[in-house]
Each structure stands twice: as C-alpha cells, then as structure tokens.
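Fold and contact review
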Amino acid sequence: MIALACDHGGFELMQDVKKHLDSAGYEYKDFGTFSSESCDYPVIAAPAAEAISAGNCDKGIFICGTGIGMSIAANKTCGIRAALCTDCYMAEMTRSHNDANVLVLGGRVTKPDVGIKIVETFLTTDFSNEEKHCRRVAMLNQLDAART
Ligand code: RB5
C-alpha cells in the first residue's frame, strides 16, 4: 500500500501519478490534498508519514511545489527515509542504497512524463541488502531511536 500526499503545488502532478498507479494496478491510500486550493504541506505529510511508520503503508509518494517542504516534513517522522528525486538515477540509488521509503517529487520542477518514470523506478527497485548499505541504514535507525 502506497501513501500519497501532496499540497497545492503538487496537486497537478499527483493526478498524473494516480492515473499511472491506477493503470499499473498499484494500491494506494490518498491523504490529500484534494484540490488546488492553497494548503500547508506539513499538515498533509504528517499522517501519511505516520501511516508508513506504523506499517499501514509500505511506501509513500509525496509531492509539493519544489519537493523540499515535503521532504523536510516527511523526514521528521521516525522510520521515514524520504528522498527528493529529480531523475531515475536518484530514484534507483535511493532505493538501492538508502532503502528510501518515501519518494518526493517537485510538482513545479518535474514534468509529468519524467515524474512517472521516476515513480516506476522507485517502486520497482529493491534495496541492495549489501552489508555497507545495511550498516548505514541501521545508523539512520539509531539516529531515529536517539530522538525518541
Ligand atoms: C507552496 O507554494 C510551496 O511553498 C510548497 O509547495 C513547497 O514547494 C514547499 O517546499
């Protein structure tokens, strides 16, 4: 189950992402926003990030105007490794090396066709499970544990 979250800056791109997820048969839970009316990205990001942290969703796709606000907000929640990606290489590396569980896109930065390719790369790339990457992700988890 994929948690979706966007603000007004990401609303348009999210509609394209949802069309792709529908046609490819992915299941998702949509945490909004549900219109292009201005809203506050931290309010939308928090429950979606919590759903991943709690294990109710396994991945997330978050979108705001630049992707920066959603990245900052998502990474405040323990267990979240959110990565802002602007190309498929970044999406592949952040799954393979960081075991990122949230893909963040910038709706005012990334064109829909590129965004869909990034989404597909993120969703189909597995974590490498290499020892050095496991060690580094474990260190991130320790940082999480230290702040609770
Ligand atoms: C909204 O105008 C914009 O600030 C927001 O979508 C995002 O880009 C923040 O980082």
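Further up the page is the structure itself.
This text gives an overview of the structure that appears in the document. (Residues numbered from 1 in each chain as written. Predicted model: local features only at pLDDT ≥ 70, side-chain atom pairs only at ≥ 80, totals over all residues. Heavy atoms only, no water.)

With that settled, the discussion passes to the site of the ligand. Contacts to the ligand come from D7, H8, Y41, C64, G65, T66, I68, G69 and R108. Interatomic distance of 2.7 Å between a backbone N/O atom of G65 and an oxygen atom of the ligand. R108 is positioned with one of its side-chain polar atoms (N or O) 3.2 Å from an oxygen atom of the ligand. Within the complex, the protein chains bury 71% of what would otherwise be the 290 Å² of accessible surface of the ligand. Class assignment of the residues belonging to the shell around the ligand gives a composition of three nonpolar, four polar and two charged. (Near = heavy atom within 4 Å. Polar contact = N/O pair within 3.5 Å; in protein donor to acceptor, adjacent residues only side chain to side chain. Areas by Shrake-Rupley, 256 points an atom, 1.4 Å probe, with all protein chains shown as cover. Nonpolar A, V, L, I, M, F, W, Y, C, P; charged D, E, K, R; others polar.)

Residues V17, L21, I61, I63, L103, L105 and V119 are the most contacted members of the largest nonpolar core, which totals 21 residues. Among the elements of the structure, β1 (2–6), α1 (11–24), β3 (59–64), β5 (102–106) and α5 (112–124) are those that each provide at least two residues to this core. Not counting residues up to four positions away in its chain, the partners in contact with I63 are A5, C6, D7, G10, L13, M14, V17, M70, L105, G106 and G107. (Core = buried A, V, L, I, M, F, W, Y, C linked by side-chain atoms within 4.5 Å. Buried < 20%, exposed > 50% of the residue type's maximum accessible area, 1.4 Å probe, protein only. Helix = DSSP H or I, 4+ residues; strand = E, 2+ residues; numbered from the N terminus. Contact = heavy atoms within 4.5 Å.)

Right, let's talk about the environment of D7 for a bit. With respect to the helices and strands, the residue D7 is situated in the loop between β1 and α1. Separated by 72 residues in the primary sequence, D7 and G79 place their C-alpha atoms 22 Å from one another. Excluding residues within four positions of it along the chain, D7 makes contact with T33, C39, Y41, I63, C64, G65 and M70.

Taking 1.5 Å per residue as the helical rise, helix α6 (residues 131–146) with its 16 residues ought to reach 22 Å, and the 22 Å between its terminal C-alpha atoms agrees with that figure. The elements touched by buried residues of α6 are α4 (88–96). (Expected span 1.5 Å × (residues − 1).)

Another aspect to go through is the side chain of K18. Mapped onto the secondary structure, K18 falls in helix α1. In contact with K18, other than residues within four places in its own chain, are L4, Y28 and D30.

Our focus in this paragraph is helix α2 (residues 41–53). The terminal C-alpha atoms of α2 lie 18 Å apart, and with 13 residues this matches the ideal 18 Å at 1.5 Å per residue to within 8%. Those residues of α2 not exposed but buried are I44, A45, A48, A49, A51 and I52. With its buried residues spanning 150 degrees around the axis, α2 presents them on a single face. For α2, the elements touching its buried residues are β1, β3, α3 (68–74) and β5. Backbone geometry just downstream of α2 places G55 in the positive-phi region, at approximately 90 degrees. (Arc of directions from axis to C-beta.)

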